[in-house]
Amino acid sequence: MKDFTETNFTTRRKFLETTARVAGTGALLSALPLSMSAFVGGAGEIKVALVGCGGRGTGAASQAIEADPDVRLVAMADVFADRLEESYKGLSAKYADQGKVKVTEASKFTSFDGYKKAIDMADVVILTTPPGFRPQHFEYAVQQGKHVFMEKPVATDVVGIKRVLEAGKLARQKKLNVVVGLQRHYQKNYREVEKLIKNGSVGDIVSGQVYWNSAGVWTRPRVAGQTELEYQMLNWYYFTWICGDHILEQHIHNIDVANWYIGARPISAQGMGGRETRIGKDTGHIFDHHFVEFVYPEGQVISSQCRHQRGCMNRVEEVFQGTKANITVNGGNIGIVKGRNGQSILNYNGQNDINPYQQEHNELFAAIKAGEHRLDDVDYGAESTMTAIMGRMATYSGQMITWDEAMASDLKLVPDLNSFNDEAPILPDANGVYPAAVPGKTRFF
């Protein structure tokens, strides 16, 4: 069992530089043949495998099917057979008259290594399991030459981040299109605001506030006969090893926008957090609130808030202050940019805009159909994931954490698992309570 107050980390100072963004890789990519990918464009079916058949996975599979008339769902994998079957029945019923769900009993996989069998059958894979498993699934999909849609975050620990970055390099070499489910990058109001940032209308962003304050999410009761690992995997949201805490799993959307609009990743983080209302046996050991100050290379400070507490004010949006104008933008298709003297530069309300969850799939499958390498979200997905992990390190430990310190650690939370009978990474005490991080005692976690 991992002791939250005595987690050890290496002190090596070697910093893993992240790879260049897509714009800097053109020469490398143009030298590689399109035949290195599973589907090289043109006519014919585009075979899709779904790995992770919960609600988000089912939704993503539907969006993939809607994205192109040649998409066919051919394989599904989930360690929970009932989840897989529920997803299969829903998708089969929805597309009953269209022949787009070609999953058979032989292409449903429920073992812990079933994801490999599903991926092997497809041209494109949808990775929507809990994020702790994302690195190994993405790595395998890339090794097999598959295009990928993977949900955010892309890892829950530093070892996983490094694994994703390395797999991203290989995906780039193979010209595989990769989309990460940070869908604000595919949302029109966010793109409209980005245009104004790029053309200088906002000036330099000097500060900002990003929020995901809400009541929280579901819980699932313990069932007689479950192993501890099975219980944790069903209640994955409440365990850091598999979820990353809600600062990572959910608030990453807002943190990602800060990185995107500033055009950089932070150099340090410090903050506070804890468990005030999330204290029951059914809520694992994650915090119910975090507040982090991220400092960026040119001195910009982003204040980051996320809270899961009922009865409190809810707010989910991003606000930035520039030298020429201020920005307010959110997932409700609102984009407002006002000059320093109050004049309106942009007042965007895209009530009829396409759902960005659908848009990201539309663009992914358009690129695949055209046989072109257009989409490479790996680096910014990994950087935004790592930013949120660094924020969690700061709130769990109560210390200031630099990017170099965070990336130099060998933090590994996710074990190699083969069955529900394996020991869970964290265990409850005799009273059924899980050990939680204690700021001032927990080290770099």
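Residues numbered from 1 in each chain as written. Predicted model: local features only at pLDDT ≥ 70, side-chain atom pairs only at ≥ 80, totals over all residues. Heavy atoms only, no water.

## Observations regarding the overall build of the protein chain
At step 1: Counting secondary structure elements, the protein chain contains 14 helices and 15 strands.
At step 2: For 445 residues, the compact-globule formula gives about 22 Å, and the C-alpha radius of gyration of the protein chain, at 21 Å, lands near that figure.
At step 3: Considered along the principal axes of its C-alpha atoms, the protein chain spans approximately 60 × 55 × 45 Å.
At step 4: Looking at the protein chain residue by residue over its 445 residues, the buried ones come to 57%.
At step 5: Accessible surface computed for the protein chain: about 17600 Å², of which carbon and sulfur atoms make up 50%. (Helix = DSSP H or I, 4+ residues; strand = E, 2+ residues; numbered from the N terminus. Rg over C-alpha atoms; globule rule 2.2 N^0.38 Å. Buried < 20%, exposed > 50% of the residue type's maximum accessible area, 1.4 Å probe, protein only. Areas by Shrake-Rupley, 256 points an atom, 1.4 Å probe, with all protein chains shown as cover.)

## Considerations on the domain arrangement of the protein chain
At step 1: Looking at the assigned domains, one finds that the protein chain contains domain 1 (46–184) and domain 2 (185–408).
At step 2: The gap between the C-alpha centroids of domain 1 and domain 2 is 23 Å.
At step 3: On the domain 2 side, the residues contacting the 47 residues of domain 1 number 57 residues.
At step 4: Counting the surface lost from both domain 1 and domain 2, the interface buries some 4400 Å², and carbon and sulfur atoms represent 65% of this.
At step 5: For the domain 1 face of the interface with domain 2, the top three residues by lost area are Leu 182, Gln 183 and Arg 184, together amounting to 21%.
At step 6: If you look at where domain 1 meets domain 2, you find seven salt bridges.
At step 7: When the shortest N-O distance is used, the salt bridge between Lys 369 and Asp 68 registers 3.2 Å. (Domains from an automatic or database assignment. Contact = heavy atoms within 4.5 Å. Buried area = accessible area lost by both parts, 1.4 Å probe. Salt bridge = Lys/Arg side-chain N within 4 Å of Asp/Glu carboxyl O.)

## Focus: the pattern of salt bridges
At step 1: On inspection of all chains with the given rule, the structure shows 22 salt bridges.
At step 2: A salt bridge links Arg 72 to Glu 45, with the nearest nitrogen and oxygen atoms 3.7 Å apart. Residue Arg 72 is found in strand β2 (residues 71–77), and its partner Glu 45 is found in the loop between α1 (26–30) and β1 (46–51); the two are separated by 27 residues along the sequence.
At step 3: Looking at Glu 45, the relative accessible area reads 35%, which means it is partly exposed.
At step 4: Look at the salt bridges and you will find they share partners, linking Glu 45, Arg 72 and Lys 102 into a network.

## Quick word on unusual backbone geometry
At step 1: Residues Lys 152 and Pro 153 are joined by a peptide bond in cis, for which omega reads -20 degrees.
At step 2: Of note, Pro 153 is situated in the loop between β5 (147–150) and α6 (158–173).
At step 3: Phi at Lys 175 takes a positive value of approximately 60 degrees, unusual for a residue other than glycine.
At step 4: Structurally, Lys 175 can be placed in the loop between α6 and β6 (178–180).

## Describing the packing of helix α11 (residues 252–262) against helix α13 (residues 378–397)
At step 1: Interaxial distance between α11 and α13 falls to 9 Å at its minimum, and their mutual angle equals 115 degrees. Between α11 and α13 the crossing geometry is right-handed. On α13, the residues touching Ile 252, Ile 255, Asp 256 and Asn 259 of α11 are Tyr 380, Glu 383, Ser 384, Thr 385, Thr 387 and Ala 388.
At step 2: The residue makeup of the contact of α11 with α13, split by class, is four nonpolar, four polar and two charged. (Axes fitted to C-alpha atoms, helices over the stretch in contact; angles between N-to-C directions. Left-handed = near helix turned anticlockwise from the far one by under 90°. Nonpolar A, V, L, I, M, F, W, Y, C, P; charged D, E, K, R; others polar.)

## Topic: the packing of aromatic side chains
At step 1: Tallying each qualifying case throughout the model produces 15 aromatic pairs.
At step 2: Each ring, one from Phe 80 and one from Phe 420, has its centre 5.1 Å from the other, and the planes form 35 degrees; the classification is tilted. Pair noted here: Phe 80 is in the loop between β2 and α3 (81–94) and Phe 420 is in the segment after α14 (403–408), with a separation of 340 residues, a long-range link. Taken as a pair, Phe 80 and Phe 420 share a single burial class, namely buried.
At step 3: The ring of Tyr 231 has Arg 222 sitting right over it, with the charged end atom 3.7 Å from the ring centre. (Phe/Tyr/Trp six-rings, centres within 6.5 Å; stacked < 30°, edge-to-face > 60°. Lys NZ or Arg CZ within 6 Å of the ring centre and 35° of its normal.)

## Brief notes about the sheet that holds strand β10 (residues 301–308)
Whenever strands of a sheet pair, they do so through backbone hydrogen bonds, lying parallel or antiparallel.
At step 1: If you walk across this open sheet you meet the nine strands as β14-β13-β12-β11-β7-β10-β9-β8-β15, and the pairing is mixed. The outermost strands of the open sheet, each flanked by one partner alone, are β14 (344–349) and β15 (401–402).
At step 2: Two strands pair when backbone bridges link them, and strand β13 (residues 334–339) and β14 are joined in this way by five bridges, in the antiparallel orientation. Looking at β14, one finds that Val 337 is bridged to Leu 346.
At step 3: Across the face of the sheet, α11 comes into contact with β7 (205–214), β9 (289–295), β10, β11 (315–322) and β12 (325–330) while running at roughly 165 degrees to β7.
At step 4: Set on the sheet, α13 makes contact with β8 (268–274), β9 and β15; between it and β8 the angle comes to about 55 degrees. (Pairing = 2+ DSSP bridges.)

## A look at the confidence of the model for the protein chain
At step 1: For the protein chain, per-residue confidence averages 92 on the pLDDT scale, and 91% of positions sit at 70 or higher.
At step 2: Taken as a whole, residues 1–37 scores under 50 in pLDDT and shows 83 contacts with residues more than four places along the chain or in a different chain. (pLDDT = per-residue confidence, 0-100.)

## Topic: the pairing of β9
At step 1: Of the two faces of β9, the one holding His 290, Val 292 and Phe 294 is buried and the one holding His 289, Phe 291, Glu 293 and Val 295 is not buried anywhere.
At step 2: Of the strand pairs in this sheet, β8 and β9 are connected by seven bridges, and their pairing is antiparallel. Across the sheet, Gln 270 pairs through a bridge with Glu 293, a residue of β9.
At step 3: Hairpin connection from β9 to β10: five residues lie between these consecutive antiparallel strands, with Gly 299 at a positive phi of about 90 degrees.

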